[in-house]
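Given next are the chains, with one letter for each unit.
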Amino acid sequence: MSRKALLRRELLAARRLLTSEDVRDAAAVLSAVASDLPELASARTVAAYVSVGREPGTHVLLDALRARGVRVLLPVLLPDNDLDWAAYEGPEHLAPAGRGLLEPVGVRLGPEAVVAADVVLLPGLAVDRRGMRLGRGGGSYDRVLARLAAAGAHPALVVLLYDDEVVAQVPEEPHDHPVDAAVTPAGARHFAPRGPA
Ligand SMILES: Nc1nc2c(c(=O)[nH]1)N(C=O)[C@@H](CNc1ccc(C(=O)N[C@@H](CCC(=O)O)C(=O)O)cc1)CN2
Ligand SMILES: Nc1ncnc2c1ncn2[C@@H]1O[C@H](COP(=O)(O)OP(=O)(O)OP(=O)(O)O)[C@@H](O)[C@H]1O
């Protein structure tokens, strides 16, 4: 098993130990911490995701952003693991989809829609002190980050995690792009921008 796969398995096992109360409490704090991020305060379009299971909860945050008039885009998983996007129009416009996901039922805007985002909130399992992120392994967000780079778009990239998921080092591959910040219940942490290679 690869180092990424091993670390993923460990982190998912730790999440399985969280109670629904742990998840609910963390989600409320996460929403408050995220809402204080300057990047989000000035954002007009935010690409986010709908948390499921023991993932750091986004529902409170999605509703807070929408209530402020922010345009929130949500991912729709395509058969090849790429992501399409649709606007968040409230919890009643989400429906169960494959892989235990909840997805928006509205008009699909196409995979390129994400380049309009001022902030992208990413799911993940861990991030290290350089901002390298470990995802679920589908490569969906790797493709989003590659698409943003190709379009010359530079939204703030923010991963939502639990406190102990900020780790010393995440195994890195050439296709990985670092994120700018991590939000955990303990607070927000910004990573240093990369210098020249
Ligand atoms: N909430 C959420 N939405 C998201 C992602 C995510 O990580 N979290 N994604 C990030 O890329 C994309 C979907 N990618 C996914 C890739 C793999 C699995 C997965 O392995 N699911 C398990 C069952 C779910 C579980 O209990 O963990 C499976 O199919 O066996 C799910 C989503 C887009 N939407
Ligand atoms: N730009 C890309 N286009 C297509 N596939 C890609 C791209 N970048 C990475 N991949 C592929 O996606 C797979 C998963 O990569 P990796 O293990 O780094 O996922 P991850 O970053 O943990 O997950 P995610 O991006 O879904 O959050 C790999 O097989 C990788 O080759």
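In what follows, the accompanying structure is described. Quantities reported herein were computed from a predicted structural model and do not represent experimental measurements.

As a further point, take the site of ligand 2. Close contacts around ligand 2 come from 17 residues, with K4, R8, G135, G139 and H175 the closest. Of all the secondary structure elements, the ones that give two or more residues to the shell around ligand 2 are α1 (3-16), β8 (133-134) and α5 (140-150). The biggest single contributor to the shell around ligand 2 is α5, with five residues. Class assignment for the residues of the shell around ligand 2 results in three nonpolar, six polar and eight charged.

In total, this model carries zero aromatic pairs according to the counting rule given. Its end group placed over the ring of Y88, R66 keeps NZ or CZ at 5.8 Å from the ring centre.

The next subject is the sheet that holds strand β11 (residues 181-184). Strand order in the open sheet formed by seven strands is β3-β2-β1-β6-β9-β11-β12, and the pairing between neighbours is mixed. Edge positions in the open sheet fall to β3 (83-87) and β12 (187-190), since each of these has one partner strand only. Between one strand axis and the next, the sheet turns through 25 degrees on average, direction left out of account. Pairing between strand β1 (residues 45-47) and strand β6 (residues 119-122): two bridges, direction parallel. Note that in β6 the partner of V46 across the bridge is V119. In the packing of helix α2 (residues 20-35) onto the sheet, the strands contacted are β11 and β12, and the crossing angle to β11 comes to about 140 degrees.

Once that is clear, we can look at the pairing of strand β2 (residues 71-77). In summary, the side chains of a regular strand alternate between the two faces of the sheet. Across the seven residues that make up β2, a large majority, five, are buried. As judged from the three bridges shared by β1 and β2, these two strands associate in the parallel manner. What sits directly across from A47, in β2, is L73. In this region the chain leaves β1, passes through helix α4 (residues 59-67) and returns to the parallel neighbour β2; the handedness of that crossover is right-handed. Here five bridges tie β2 to β3, and the two strands are oriented antiparallel to one another. Bridged to L74 within β3 is A86. The antiparallel hairpin formed by β2 and β3 contains five residues in its connecting segment, where N81 sits at a positive phi of about 75 degrees.

This part covers the site of ligand 1. If you check the shell around ligand 1, you find 13 residues, and the closest are V50, E55, R99, L101 and R136. Between ligand 1 and V50, the relevant distance is 2.7 Å, taken from a nitrogen atom to a main-chain nitrogen or oxygen of the residue. Contact distances for ligand 1 include 2.7 Å between a nitrogen atom and a side-chain N or O atom of E55. Alone, ligand 1 offers 680 Å² of accessible surface; in the complex the protein occludes 68% of this. Residue composition of the shell around ligand 1, by class: eight nonpolar, two polar and three charged.

Scoring rules and cut-offs
- Residues numbered from 1 in each chain as written.
- Chains lettered and ligands numbered in written order.
- Predicted model: local features only at pLDDT ≥ 70, side-chain atom pairs only at ≥ 80, totals over all residues.
- Heavy atoms only, no water.
- Near = heavy atom within 4 Å.
- Helix = DSSP H or I, 4+ residues; strand = E, 2+ residues; numbered from the N terminus.
- Nonpolar A, V, L, I, M, F, W, Y, C, P; charged D, E, K, R; others polar.
- Phe/Tyr/Trp six-rings, centres within 6.5 Å; stacked < 30°, edge-to-face > 60°.
- Lys NZ or Arg CZ within 6 Å of the ring centre and 35° of its normal.
- Pairing = 2+ DSSP bridges.
- Axes fitted to C-alpha atoms, helices over the stretch in contact; angles between N-to-C directions.
- Contact = heavy atoms within 4.5 Å.
- Buried < 20%, exposed > 50% of the residue type's maximum accessible area, 1.4 Å probe, protein only.
- Right-handed = clockwise from strand over helix to strand, strands pointing away.
- Polar contact = N/O pair within 3.5 Å; in protein donor to acceptor, adjacent residues only side chain to side chain.
- Areas by Shrake-Rupley, 256 points an atom, 1.4 Å probe, with all protein chains shown as cover.

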